[in-house]
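# Geometric and topological summary
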Amino acid sequence: MTPLKAVFLAHTAAPSGAELATLRMVSAMPAGQTAVVYTEDGPMLRRMAERGIETRLVRNDFDSRAMTIRKAGVRSLLTGAAGLLKLGWALGDTMRELEATVVIASSSKALLMGAVAARRARVPLVWHVHDRVSADYFGRWLALVIRLLGRVAARGYIANSRGTLASLWTWRKPVLVAYPGVEFPAHDDRSGEPAEQRPPAETVIVVVGRLAPWKGQDHFLRALAGVRVLPRDVYLVGGAFFDEEAYRAELEVHATALDLPVTFTGHVEDPEPYLRHADILVHCSVLPEPFGQVVVEGMRAGCAVIATRPGGPEEIVEPGLNGLLVDAGDRAGLTHALDTLIADQELRTKLADAARVRARDFDVAQTARAVTDFLTRLSGSRWRRG
Ligand code: GLC
């Protein structure tokens, strides 16, 4: 059997959730059997290279941002799609050069490019799905088109949660649910005794994630304005990447108007120091979160976590045991959960201790093993080169 050479294809090199998940997972896969191809320049190229991962940049000569979900009209979608198909043709050569035995598309745009590239290189295409392909996220028609495209183009699917899997049409194709993992370094000099939970008026709250309307940071600020005891500090950790600067400005206006002790850190490469410093992590996406890596990261760092359901966090948090779940968009519910945690230092300690244990179930080494096996199995399938 030909040894595995898994080539991941990404349309963006911005450090957003899916790209960071790929970075961690590829780092944990067997050395020399992976490569990552980006069609846009950005920080992920350096971050991959720093970890010794083979990376390529095959530049896109059109602006795929014009296709950003929801903003795009039919015309720009079609022009964008044509551009992606053309780029896919060029990518076919790259896949051959890299001696890919399987191509993994890590977004819907990559799926379109990958469909052409993998066919040209005569290797199977696997769709690694990081987003729920649903009407609320993509819009009704686009969601249908993307599901169909996946059904036609992909030999198999890797979904980042059971919820994401349920949003696809995978009928009779091989599927794997692989939760994005977190890293547990063997010698972790940043670990040590977890910090103690602070008394109510001194609590520190952190919200980590790209600043985007669907991540619900504005909803969080409004819920926070209603709490009985305000925390001492609140950190909103995350940058605005995909034309979302206006949202950041709006959040700053809210925080000032509501007189909340909020610090905007902007994008940080490693949010862990903030998580270790905080007592409470709030995850408050207003649409179902596909997975929600920050929830696991917060649990690993020993935060008492509040996260929203439905979505990935339901597959991570066992409410009352190692965190709390509130309904997405339920502002009163979020205020109530914040009040409960801020007031009850003992409950926070109990949840945080159990959370640290639960986070161990999401070790990226385990994810990487499952994915490597899955890809190895598919590599041997009918598109293998002779
Ligand atoms: C996407 C999803 C997020 C998930 C990440 C990694 O960014 O929105 O929920 O954690 O991909 O799969």
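Residues numbered from 1 in each chain as written. Predicted model: local features only at pLDDT ≥ 70, side-chain atom pairs only at ≥ 80, totals over all residues. Heavy atoms only, no water.

Below, the discussion takes up the sheet that holds strand E3 (residues 55-57). The seven strands are arranged E3-E2-E1-E4-E5-E6-E7 in an open sheet whose pairing can be described as parallel. A strand with exactly one partner marks an edge of an open sheet, and here the two such strands are E3 and strand E7 (175-177). Across the sheet, the mean angle from the axis of one strand to that of its neighbour is 20°, orientation sign disregarded. Two strands pair when backbone bridges link them, and strand E1 (residues 6-10) and strand E4 (residues 102-105) are joined in this way by four bridges, in the parallel orientation. Counterpart to Phe-8 in the pairing with E4 is Ile-104. Strand contacts of helix H4 (residues 108-121): E1, E4 and strand E5 (125-129), with the helix running at about 175° to E5, the strand carrying the most contacts. Sitting on the sheet, helix H15 (residues 364-379) touches E1, E4, E5, strand E6 (156-159) and E7, and the angle it makes with E6 is about 170°. (Pairing = 2+ DSSP bridges. Helix = DSSP H or I, 4+ residues; strand = E, 2+ residues; numbered from the N terminus. Axes fitted to C-alpha atoms, helices over the stretch in contact; angles between N-to-C directions. Contact = heavy atoms within 4.5 Å.)

Right, let's talk about the environment of Gly-292 for a bit. Structurally, the position occupied by Gly-292 is in the loop between strand E11 (280-282) and helix H11 (293-300). Here Gly-292 falls in the buried class, since its relative accessible area comes to 6%. (Buried < 20%, exposed > 50% of the residue type's maximum accessible area, 1.4 Å probe, protein only.)

Now for the domain arrangement of the protein. Each assigned domain of the protein is listed with its residue range as follows: domain 1 (6-181 + 363-379) and domain 2 (200-362). Of note, the centres of domain 1 and domain 2, computed from C-alpha atoms alone, are 28 Å apart. On the domain 2 side, the residues contacting the 27 residues of domain 1 number 19 residues. Here domain 1 and domain 2 share an interface that buries about 2000 Å² over both sides, 50% of which is from carbon and sulfur atoms. Joining domain 1 to domain 2, the criterion identifies eight residue pairs in polar contact (both at pLDDT 80 or more). Residue assignment for the side of domain 1 that touches domain 2 shows that the elements contributing at least two residues are helix H1 (17-28), helix H2 (43-50), helix H5 (135-138), helix H7 (162-166) and H15. Along the lines of polarity and charge, the residues of the side of domain 1 that touches domain 2 split into seven nonpolar, 10 polar and 10 charged. (Domains from an automatic or database assignment. Buried area = accessible area lost by both parts, 1.4 Å probe. Polar contact = N/O pair within 3.5 Å; in protein donor to acceptor, adjacent residues only side chain to side chain. Nonpolar A, V, L, I, M, F, W, Y, C, P; charged D, E, K, R; others polar.)

Strand order across the open sheet formed by six strands is E10-E9-E8-E11-E12-E13, with parallel pairing between neighbours. Unpaired on one side and paired on the other, strand E10 (262-266) and strand E13 (324-327) mark the two borders of the sheet. This sheet shows a mean twist of 25° between the axes of neighbouring strands, independent of strand direction. Sheet topology places strand E8 (residues 204-208) next to strand E9 (residues 233-237); five bridges connect them, and they run parallel. When the sheet's bridge partners are listed, Val-206 is paired in E9 with Tyr-235. Against the sheet, H11 contacts E8, E11 and strand E12 (304-309), and its axis sits at roughly 165° relative to E12.

Let us now look at helix H14 (residues 345-359). In a regular helix each residue adds 1.5 Å, so 15 residues correspond to 21 Å; H14 covers 21 Å between its end C-alpha atoms and thus fits that length. For H14, the complete set of buried residues consists of Leu-347, Arg-348, Leu-351, Ala-352, Ala-355, Arg-358 and Ala-359. Taken end-on, H14 shows its buried residues confined to a sector of 125°, consistent with a single buried face. In H14, the exposed residues that point more than 90 degrees away from the buried face are Glu-346 and Val-357. Turning to H14, the residues buried within the fold contact E11, H11, E12, helix H12 (313-316), E13 and helix H13 (331-343). (Expected span 1.5 Å × (residues − 1). Arc of directions from axis to C-beta.)

This brings us to helix H6 (residues 140-153). In a regular helix each residue adds 1.5 Å, so 14 residues correspond to 20 Å; H6 covers 20 Å between its end C-alpha atoms and thus fits that length. Those residues of H6 that are buried lie in contact with H4, E5, H5 and E6.

Together, Leu-148, Val-152 and Trp-169 give the surface a local cluster of nonpolar side chains, amounting to about 310 Å² of exposed area. Mapped onto the elements, Leu-148 comes out in helix H6. Leu-148 sits in the partly exposed class, given a relative accessible area of 47%. (Patch = residues over 30% accessible without salt bridge, like charges linked within 9 Å, V, L, I, M, F, W, Y side chains within 5 Å. Areas by Shrake-Rupley, 256 points an atom, 1.4 Å probe, with all protein chains shown as cover. Salt bridge = Lys/Arg side-chain N within 4 Å of Asp/Glu carboxyl O.)

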